[in-house]
Amino acid sequence: MALAAVDVQNPLLGETTCGTLLHQLQKIWDEVGESDEERDKMLLQIEQECLDVYKRKVDQATKSRAHLLQALADAKLELSTLLASLGEKTFVGIPEKTSGTINEQLAAIAPALEQLWKKKDERIKEISDVQAQIQKICGEIAGSSVGNQAVNVDVSDLSLKKLDEFHDQLQELQKEKSDRLHKVLELVSTVHDLCAVLGIDFYSTVTEVHPSLNDATDVQSKSISNDTLARLAKTVVALKEDKKQRLQKLQELATQLIDLWSLMDTSEEEQHLFDHVTCNISASVDELNVPGALAQDLIEQAEVEVERLDKLKSSKMKEIAFKRQGELEEIFARAHIEIDTQAAREKILVLIDSGNVEPSELLADMDNQIVKAKEEALSRKEILDKVEKWMSACEEESWLDDYNRDDNRYNASRGAHLNLKRAEKARILVNKIPALVDTLVAKTRVWEEDHELTFMYDGVPLLAMLDEYAMLRHEREEEKRRLKDQKKIQEQPTTDHEAAFGSRSSPRPASITKKVAGPRANGTPNRRLSLNQNGGRSMSKDGKRDNHKSLSPLKHAAIGKEDAASRVSGTEPAPTTP
């Protein structure tokens with residue numbers, strides 16, 4: 001029996017079938033002596049067990065087929081879902097006909113599914129990368145940490161259209177980021193330039209806006225959020241306003257420095273120390289870009305200098321005021337306007353010592369007086385120029401009279417030809433005096449009507465001087481004619497006497513040949529400034545006009561009459577005894 005069992009289990013000894021097994025079983029039954037009833041029962045049991053085995057196998061095969069059909073249906077559904085998700089209507093790897101066994105159909109669909117799954121994974125990665133960049137840029141613009149959150153990809157729509165939409169959105173955001181980054185860099189550059197001009201620490205200023213804005217940070221890592229842009233713009237506005245105020249303050253200080261330097265005659269070397277302040281006195285806010293030009297310490301330095309000069313100005317107020325007064329007196333002197341200089345200086349001393357007036361107000365008032373004095377001098381200039389010509393012509397007239405009385409004028413002495421030329425020019429100039437006087441009188445009257453004032457020349461009315469001159473000139477001409485006629489009458493008896501007794505030489509009366517001492521009595525107006533020996537105006541040591549007046553035209557007239565009388569008496573013949 002053991003040998004039979006071995007034969008059955010070892011397939012190498014022969015093929016084992018149900019028949020051989022049943023044959024062996026019958027042989028065993030025969031040897032054992034089993035009854036037919038037992039044998040039938042045993043066979044029936046074997047048959048039932050075989051049916052059960054077949055039934056289980058059939059059930060298993062049915063379930064396997066159902067699973068395969070479900071897998072095939074799921075594969076087809078997955079295929080359709082993937083195509084719809086990827087936005088593709090067809091796919092190259094999908095079989096056109098669905099014939100063959102279930103396994104064949106599954107085997108035919110599997111490559112397409114695998115390719116679509118791979119394509120799906122790639123599409124998800126692409127969309128995820130694009131969405132991550134979009135999310136990151138949106139987070140940078142919003143200034144939040146949204147960009148660090150996980151990206152959720154909608155797998156229901158993985159089409160190329162959707163991917164292109166994400167790409168377009170990304171490009172727009174990248175452009176906006178580029179624009180924002182350019183704006184941020186522009187604002188940071190502006191802050192840098194303003195901080196340089198104002199002498200402010202750029203690093204601390206810009207990092208207060210956002211830590212990423214310092215130079216050490218990569219350009220792409222700089223903050224471009226709305227808040228950063230707003231705070232940068234606000235910082236720029238604040239710095240520009242500070243720059244404007246500082247420039248205004250600096251220009252005010254520069255103006256004060258220049259005024260004080262001009263007032264106190266400060267040396268150029270000392271002024272050069274503040275060239276960096278005064279060089280920007282007329283600069284505009286946009287033009288000033290020199291680093292440190294508006295630094296706070298520079299402004300404080302200028303303030304200290306202005307304060308120092310202000311104190312020094314107060315101590316030198318009298319000197320400055322007298323300098324202004326001297327300038328005013330010089331203007332009046334050149335314009336031949338008389339003022340009480342002593343009273344003016346005493347008034348200045350009283351005002352300064354009393355402290356009732358601010359030094360700046362006093363100087364401003366004196367500056368105003370100087371301006372008015374210059375305007376008045378300008379209005380008198382045309383008349384004064386003609387007065388100068390008139391007086392020069394009168395001087396030439398006086399010289400010509402002296403020259404004509406010189407009996408040796410035609411001698412061949414040294415310089416005689418020069419005096420002859422001068423005499424010719426003097427005669428031409430003297431002939432123009434009447435017209436010059438008439439013009440001067442007319443212009444003086446017009447000036448007096450316009451200004452409703454009397455035109456004074458060194459304290460004397462100019463019209464009175466001109467009238468006096470005209471009167472004296474007329475008297476002088478009459479005196480000349482009278483003397484000429486008298487001389488003719490006196491010479492007639494002498495001629496008759498010489499004819500009767502013969503001619504004889506007689507000495508010329510000394511009174512005729514003698515040169516009259518003192519001023520000429522020809523009506524020449526004396527200048528209101530005394531003349532030195534060279535004919536120039538007499539000036540005091542400090543350059544101011546000497547206030548001593550020369551003889552008035554009336555005194556000239558008196559001298560002229562006395563001179564004329566002496567000449568008349570000199571020509572009268574001495575009484576003779578019969």
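Preceding this section is the structure that the text describes.
Parameters and conventions
- Residues numbered from 1 in each chain as written.
- Predicted model: local features only at pLDDT ≥ 70, side-chain atom pairs only at ≥ 80, totals over all residues.
- Heavy atoms only, no water.
- Salt bridge = Lys/Arg side-chain N within 4 Å of Asp/Glu carboxyl O.
- Helix = DSSP H or I, 4+ residues; strand = E, 2+ residues; numbered from the N terminus.
- Buried < 20%, exposed > 50% of the residue type's maximum accessible area, 1.4 Å probe, protein only.
- Core = buried A, V, L, I, M, F, W, Y, C linked by side-chain atoms within 4.5 Å.
- Contact = heavy atoms within 4.5 Å.
- Expected span 1.5 Å × (residues − 1).
- Phe/Tyr/Trp six-rings, centres within 6.5 Å; stacked < 30°, edge-to-face > 60°.
- Lys NZ or Arg CZ within 6 Å of the ring centre and 35° of its normal.
- Patch = residues over 30% accessible without salt bridge, like charges linked within 9 Å, V, L, I, M, F, W, Y side chains within 5 Å.
- Areas by Shrake-Rupley, 256 points an atom, 1.4 Å probe, with all protein chains shown as cover.
- Axes fitted to C-alpha atoms, helices over the stretch in contact; angles between N-to-C directions.
- Parallel < 35°, antiparallel > 145°, perpendicular 65-115°, else oblique.
- Left-handed = near helix turned anticlockwise from the far one by under 90°.
- Nonpolar A, V, L, I, M, F, W, Y, C, P; charged D, E, K, R; others polar.
- Lys, Arg positive; Asp, Glu negative; His and termini not counted.
- Charge placed at Lys NZ, Arg CZ, Asp CG, Glu CD.

**A closer look at the pattern of salt bridges**
Within the structure shown, the criterion is met by 24 salt bridges. Residue Arg246 is joined to Asp242 by a salt bridge in which the shortest nitrogen-to-oxygen separation is 3.3 Å. Separated by four residues within a single helix, Arg246 and Asp242 lie in helix H7 (residues 226-264), roughly one turn from each other. Judged by relative accessible area, which is 23%, Asp242 ranks as partly exposed. Between Arg481 and Glu478 there is a salt bridge; the shortest N-O distance is 2.1 Å. Remark: Glu478 and Arg481 occur in helix H16 (residues 462-501); sequence separation between them is three residues, near one turn of the helix. Via salt bridges that share partners, Glu397, Asp401, Arg473, Arg476 and Glu477 belong to a single interconnected network.

**Focus on the nonpolar core**
Generally speaking, nonpolar side chains in soluble globular proteins are found buried as a group. Counting 68 residues, the largest nonpolar core has Leu232 and Val277 as the members making the most contacts within it. Contacts of Val277, omitting those with residues within four sequence positions, involve Leu250, Ala254, Leu257, Leu298 and Ala302. By size, the runner-up hydrophobic cluster in this structure holds 35 residues, among which are Ile331, Met391, Trp447 and Phe455.

**So, H7**
Its 39 residues give H7 an end-to-end C-alpha distance of 56 Å, which sits within 8% of 57 Å, the value for a rise of 1.5 Å per residue. Asp265 sits one or two residues past H7 and shows a positive phi near 55°.

**Topic: the packing of aromatic side chains**
Evaluation of the coordinates by the stated rule reveals four aromatic pairs. Relative to Tyr469, the ring of Trp390 has its centre 5.2 Å away and its plane inclined at 85°; by these criteria the two rings are edge-to-face. On the criterion of sequence distance, the pair formed by Trp390 in helix H13 (residues 359-405) and Tyr469 in helix H16 is long-range, its members being 79 residues apart. Their ring planes at 80° and their centres at 4.9 Å tell us that Trp447 and Phe455 sit as a pair that is edge-to-face. Phe455 shares its class with Trp447; the two are buried. Residue placement shows Arg380 over the ring face of Phe455; its charged tip is 4.0 Å from the ring centre. Just above the ring of Trp399 sits the side chain of Arg422; from NZ or CZ to the centre is 4.1 Å.

**As for a nonpolar patch on the surface**
A surface patch of nonpolar side chains, amounting to about 270 Å² of accessible area, comprises Leu22, Met42, Leu43 and Ile46. Element by element, the count of residues in the nonpolar patch is highest for helix H3 (residues 36-86), at three residues. Position of Met42 among the secondary structure elements: in helix H3. The exposure class of Met42 is partly exposed, given its relative accessible area of 34%.

**Here's the deal with the packing of helix H4 (residues 102-142) against helix H5 (residues 160-198)**
It is the contact of H4 with H5, at a shortest axis distance of 9 Å, that shows an interaxial angle of 30°. Here H4 lies roughly parallel to H5, going by the angle between them. Here the hand of the crossing between H4 and H5 comes out left-handed. The segment H4 lies against H5, with Arg123, Glu126, Ile127, Val130, Gln131, Gln133, Ile134, Ile137, Cys138, Glu140 and Ile141 engaging Leu160, Leu163, Phe166, His167, Gln169, Leu170, Leu173, Gln174, Glu176, Lys177 and Arg180. In terms of residue class, the contact of H4 with H5 is built from 11 nonpolar, five polar and six charged.

**Focus on unusual backbone geometry**
Residues other than glycine seldom take positive phi values, yet His336 does so here, at roughly 60°. Tracing the sequence through the fold places His336 in the loop between helix H11 (317-334) and helix H12 (341-354). For His336, a relative accessible area of 7% translates into the label buried.

**Focus: a negative patch on the surface**
Side chains of Glu34, Asp36, Glu37, Glu38 and Asp40 sit close together on the surface and give a patch of like negative charge. Along the chain, Asp36 turns up in helix H3. In this structure Asp36 comes out as exposed when scored by relative accessible area, which is 56%.

**What to know about the packing of helix H2 (residues 18-32) against H3**
Look at H2 against H3: their axes get within 12 Å of each other, and the N-to-C directions meet at 155°. Here H2 is positioned roughly antiparallel relative to H3, judged by the angle of their axes. Crossing hand, H2 versus H3: right-handed. The segment H2 lies against H3, with Leu22, Leu25, Gln26, Trp29 and Asp30 engaging Arg39, Met42, Leu43 and Ile46. Here the contact of H2 with H3 is built from residues that sort into six nonpolar, one polar and two charged.

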